[in-house]
Amino acid sequence: MSAIVCCHLCLQLGIGDDIESVFAPLRTIFLTIVKDKTASPKARTGCADALGLCCFIAGEENENLFTIMEALQNVFKESYPKGDGTRPSFTPEVTALHASALSAWSLLLTISPPAWTSTVINNMLPRLQELLDSVDVELRIAAGETIALCYELARLDNEEFEGSDIDGLCSKLRQLATDSNKYRAKKDRRQQRASFRDILRAVEAAEFPSETVRFGTEALEVDSWCSKRRYDAFCQVLTTGMNLHLRENELVRDIFSLGAPLTPEAIKHSKVSKVERQMYQAAAFKNRTLVRGKARDKRMDTGN
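Residues numbered from 1 in each chain as written. Predicted model: local features only at pLDDT ≥ 70, side-chain atom pairs only at ≥ 80, totals over all residues. Heavy atoms only, no water.

**As for the overall build of the chain**
Here is step 1: When helices and strands are tallied, the chain shows 14 helices and two strands.
Here is step 2: Buried residues in the chain amount to 46% of all 304 residues.
Here is step 3: Within the chain, counting contacts between residues at least 6 apart in sequence, those at least 24 apart form 66% of the total.
Here is step 4: Split by element, the accessible area of the chain, about 15300 Å² in all, is 53% carbon and sulfur. (Helix = DSSP H or I, 4+ residues; strand = E, 2+ residues; numbered from the N terminus. Buried < 20%, exposed > 50% of the residue type's maximum accessible area, 1.4 Å probe, protein only. Contact = heavy atoms within 4.5 Å. Areas by Shrake-Rupley, 256 points an atom, 1.4 Å probe, with all protein chains shown as cover.)

**Examining unusual backbone geometry**
Here is step 1: Positioned with a positive phi, Ala 206 is a non-glycine residue whose angle comes to about 55°.
Here is step 2: Judged by relative accessible area, which is 55%, Ala 206 ranks as exposed.
Here is step 3: Phi is positive for Ser 257, which is not a glycine, with a value near 55°.
Here is step 4: Structurally, Ser 257 can be placed in the loop between α12 (250–255) and α13 (264–268).

**Topic: the packing of aromatic side chains**
Here is step 1: The full count for this structure, using the stated rule, is eight aromatic pairs.
Here is step 2: An angle of 75° between the planes, with centres 6.1 Å apart, marks the rings of Phe 56 and Phe 234 as edge-to-face. Highlighted residues: Phe 56 in helix α3 (residues 41–58) and Phe 234 in helix α10 (residues 225–238), separated in sequence by 178 residues. You'll find Phe 56 and Phe 234 in the same group, each marked buried.
Here is step 3: Ring pairing ties together the aromatic residues Phe 56, Tyr 231, Phe 234 and Phe 256, which thus form one cluster. (Phe/Tyr/Trp six-rings, centres within 6.5 Å; stacked < 30°, edge-to-face > 60°.)

**Considering the environment of Glu 211**
Here is step 1: Here Glu 211 lies in strand β1 (residues 211–215).
Here is step 2: What Glu 211 contacts, discounting residues up to four positions off in sequence, is Leu 220, Glu 221 and Val 222.

**Thoughts on the pairing of β1**
Here is step 1: Strand direction decides the pairing type here: β1 and strand β2 (residues 218–222), joined by five bridges, are antiparallel. For Arg 214, the partnering residue across the bridge sits in β2 and is Ala 219.
Here is step 2: Counting the residues in the hairpin turn of β1 and β2 gives two residues, including Gly 216, whose phi is positive at 60°. (Pairing = 2+ DSSP bridges.)

**A closer look at the confidence of the model for the chain**
Here is step 1: Averaged over all residues, the pLDDT of the chain is 87; the fraction at 70 or higher stands at 84%.
Here is step 2: The secondary structure element of the chain with the lowest average pLDDT is helix α14 (residues 274–303), at 59, and the one with the highest is helix α5 (residues 92–109), at 98. (pLDDT = per-residue confidence, 0-100.)

**What about helix α1 (residues 2–13)?**
Here is step 1: Across its twelve residues, α1 extends 16 Å between first and last C-alpha, which sits within 8% of the 16 Å expected from 1.5 Å per residue.
Here is step 2: Of the positions making up α1, those classed as buried are Ala 3, Cys 6, Cys 7, Cys 10 and Leu 11. For α1, the angular spread of buried residues about the axis comes to 135°, placing them on one side. Structural note: α1 exposes Ser 2 and Gln 12 on the side pointing more than 90 degrees away from its buried face. (Expected span 1.5 Å × (residues − 1). Arc of directions from axis to C-beta.)

**Topic: the packing of helix α6 (residues 114–130) against helix α7 (residues 137–157)**
Here is step 1: Where α6 meets α7, the closest approach of the two axes is 10 Å, and the angle between their N-to-C directions is 150°. Overall, the two elements α6 and α7 adopt an arrangement that is roughly antiparallel. Every pair of crossing elements has a handedness; the one defined by α6 and α7 is left-handed. Between α6 and α7, the contacting residues are Thr 117, Ile 121, Leu 125, Leu 128 and Gln 129 on the first element and Ala 143, Thr 146, Ile 147, Cys 150, Tyr 151, Leu 153 and Ala 154 on the second.
Here is step 2: A per-class count over the contact of α6 with α7 returns nine nonpolar, three polar and no charged. (Axes fitted to C-alpha atoms, helices over the stretch in contact; angles between N-to-C directions. Parallel < 35°, antiparallel > 145°, perpendicular 65-115°, else oblique. Left-handed = near helix turned anticlockwise from the far one by under 90°. Nonpolar A, V, L, I, M, F, W, Y, C, P; charged D, E, K, R; others polar.)

**Remarks on the packing of α5 against α7**
Here is step 1: Axis separation between α5 and α7 bottoms out at 9 Å; the angle between their running directions is 15°. Judged by the angle between their axes, α5 and α7 are roughly parallel. Considering only the axes of α5 and α7, their crossing is left-handed. Contacts from Thr 95, His 98, Ala 99, Leu 102, Ser 103, Trp 105, Ser 106 and Leu 109 of α5 reach α7 at Glu 138, Leu 139, Ala 142, Ala 143, Thr 146, Leu 149, Cys 150 and Leu 153.
Here is step 2: Along the lines of polarity and charge, the residues of the contact of α5 with α7 split into ten nonpolar, five polar and one charged.

Encoded structure:
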């Protein structure tokens, strides 16, 4: 419960000293619980989610960012195959924890310094591919979406990026996108096929199925894996209140490049074409990502 409250409080406080004063003492507590294998999986899952979102909002210094990402990675890596190739067996609650830790890790990857991100992506892609064989559909999808995100981020620097084994990866993604194994639940098969069709297109053709989220007279274009990871993370916490925050929360609007909340007068004149919205949000998103990345790279250089 405290993890959820912390997320909502951070969303209300926004970026600044106030959020740091709230999150700093809780960061240590959440990290302790996430690392504690004797704690309940549900409690660890809540803390993993809170660490990801609150660290993202707070814009943590690189040292704290890396510490949190390492802790999250140490959680989901337990689902990697063992040394003899066999897959570990966990309860559904523990597997859900691993999926949440991976999703929180990938959220923080979107704000990591580019100079560090490229190395992480090259090291992580083979391990993430191993998670595609998990027995849990949520973990398979989380791994697949993280792979798509990694390719998107890598191709910001190198449009020709393919990774170490793109043919083998695409073969596996294609298999999951057409999976008809009867031992999987029908709902799981449908969810998996839909997700992996998009993931396969991301790796093969650098494509993303753009989604338009409408709220009031405005609309948000979710047009990249990076923006999707962020949107999904906020939806998970805000649930049915997401549209309200998109309309009125200055922090949320800033993160999604929506500008200041509209006044009643502006709402009357806010009918902008879809193309104009996409162009503005794409430019603002790219600029925000570059600025945050350069700032983190600068802090890394200063710290060395």
